[in-house]
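# Observations on the three-dimensional arrangement
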Amino acid sequence: MIESRNAIVTGSTRGIGEAIARALATDGCNVMMNGFGDADEIERKRASIEADTGATVKFHGADLSDENQLDDLTSSAVDAFGSVDILVNNAVIRYFHDIENFDRKDWNHALAVNVTAPFLLSQNVLPGMRAQGWGRIVNFSSVLGLAARSGRADYVTSKTAMLGLTRAVAAETRSEKNITCNALCPGSVLTPNTEMKIAELADETGLSADEAKDEYLRRRGQTTGYIEPARVAGLVTFLCQDAASDITGAAIPIDRGRSATWLDGAGE
Ligand code: NAD
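All residue numbers refer to position in the chain's written sequence, counted from 1. With pLDDT at 70 or above as the cut-off, local features in this predicted model cover only qualifying residues; side-chain atom pairs require 80 or more to be listed or tallied, and sums for whole chains, interfaces and linings still use all residues. Only hydrogens and water are set aside; all other atoms, that is, all heavy atoms of the structure, feed into the side-chain values.

## What to know about the pattern of salt bridges
Keep this limit in mind: We define a salt bridge as a contact between a side-chain nitrogen of Lys or Arg and a carboxyl oxygen of Asp or Glu at a distance within 4 Å. For helices the rule is a DSSP run of H or I covering at least 4 residues; for strands it is a run of E covering at least 2, with both sets numbered from the N terminus onward. Throughout this description, buried means an accessible area under 20% of the type-specific maximum (1.4 Å probe, protein chains only), exposed means over 50%, and partly exposed covers the range between.
Within the structure shown, the criterion is met by nine salt bridges. A salt bridge links Glu-200 to Lys-197; the nearest nitrogen and oxygen atoms lie 3.0 Å apart. Pair noted here: Glu-200 and Lys-197 are both in helix H6 (residues 192-205), with a separation of three residues, about one helical turn. Arg-219 is the salt-bridge partner of Glu-215, the closest N and O atoms lying 2.9 Å from each other. Of the two residues, Glu-215 and Arg-219 both sit in helix H7 (residues 209-220), four residues apart, roughly one turn of that helix. Overall, the relative accessible area of 16% leaves Glu-215 in the buried class. Sharing partners across several salt bridges, the network here consists of Glu-18, Glu-41 and Lys-45.

Here it is in structure tokens:
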């Protein structure tokens, strides 16, 4: 259990972020959820996590590409809970363009949400963490922070930058024995976004839903099945425990061995 810690989880209205909000609340943390979506559906999710766990769970709809809203997210969490002890930079926006066709507006938006927002939120919460001598920042990278796929320049760049930001925060907090900052590098996780891409693949190829699900993984070299969001959330809650205080500046793959075996089967 983590207990009595206060967390912000960006992009927690669905997918991995929602699983993290639930897991942290289950472990006794108060959670500020954030993200986009249908207001009634978000409220249902928030209320259900709160009712199931007994934690205080609030929601702030800050658009992370807007610096003022992002500052308001931080101050609302401090007002609600008294402190921000855990920051999970999970939100993401993804574009799918080749570099020559990448609209500059999309590029700037992706970098604002995926990189600048985590930097500014870290800047906002670190003074409080230092003052109390305890803090956890968990950043989301990806296997695409370790190697590239074509057509994903914004994502590959953002996710690689998150490894740099993680190390930079770890470097500046290394003398504080209970403040850590780590990055997770998931492989393919079965989230609404992944399901949408599988459905697109089925449409493009004429494969059945089940065949497209397998083909999606095969094309990514993740041959032994999808990762469940709850497993990724479990790694986040582990990093937030006191027992994980020696782990900082790490880039931790949770990818069923995908990044460790890029070259397997690539020939001699
Ligand atoms: P998702 O697309 O399902 O959810 C993204 C969340 O971010 C949503 O809640 C959305 O509303 C929010 N969001 C988007 N733009 C925002 C903005 N401007 N302001 C506030 N919130 C905003 O994401 P996911 O698939 O659950 O992935 C979560 C994290 O894990 C991401 O950082 C992603 O890069 C990483 N990851 C996911 C996978 C995967 O297979 N799903 C693999 C590797 C890494």
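Still more to cover.
## Section: a nonpolar patch on the surface
Formally: Residues enter a patch when their relative accessible area is above 30% and they make no salt bridge; the linking distance is 9 Å between like charges and 5 Å between nonpolar side chains (Val, Leu, Ile, Met, Phe, Trp, Tyr). The Shrake-Rupley method, run with a 1.4 Å probe, gives the accessible areas here. Residue values count only the displayed protein chains as cover.
Together, Leu-146, Trp-262 and Leu-263 make up an exposed nonpolar region whose accessible area comes to about 330 Å². Position of Trp-262 among the secondary structure elements: in the segment after strand S7 (251-254).

## Brief notes about the domain arrangement of the chain
To keep things clear, this is the line we draw: Here the bounds of each domain stem from an automatic or database domain assignment. Only heavy atoms matter for contacts: two residues are in contact if any of them lie within 4.5 Å across the pair. Buried area: the accessible area, evaluated with a 1.4 Å probe, that two parts lose upon being put together, summed over both parts. N or O atoms within 3.5 Å of each other form a polar contact, as long as, within protein, one can give a hydrogen and the other can take it, and as long as residues adjacent in sequence are counted only when both atoms are side-chain atoms. Think of it as three bins: nonpolar holds Ala, Val, Leu, Ile, Met, Phe, Trp, Tyr, Cys and Pro, charged holds Asp, Glu, Lys and Arg, and polar takes everything else, Gly as well.
With domains assigned, the chain is organised as domain 1 (6-187 + 228-256) and domain 2 (190-226). One C-alpha centre belongs to domain 1, the other to domain 2, and the line joining them spans 26 Å. Each partner contributes to the interface: domain 1 provides eleven residues, whereas domain 2 provides eleven residues. Between domain 1 and domain 2 lies a buried interface of about 950 Å² when both sides are counted; carbon and sulfur atoms form 47% of it. For domain 1, the biggest contributors to the area lost against domain 2 are Arg-14, Arg-149 and Arg-256; these three give 48% of the whole. One can count zero salt bridges joining domain 1 with domain 2. Viewed at the interface, domain 2 and domain 1 are joined by three residue pairs in polar contact (both at pLDDT 80 or more). Residues of the side of domain 1 that touches domain 2, tallied by class, amount to three nonpolar, two polar and six charged.

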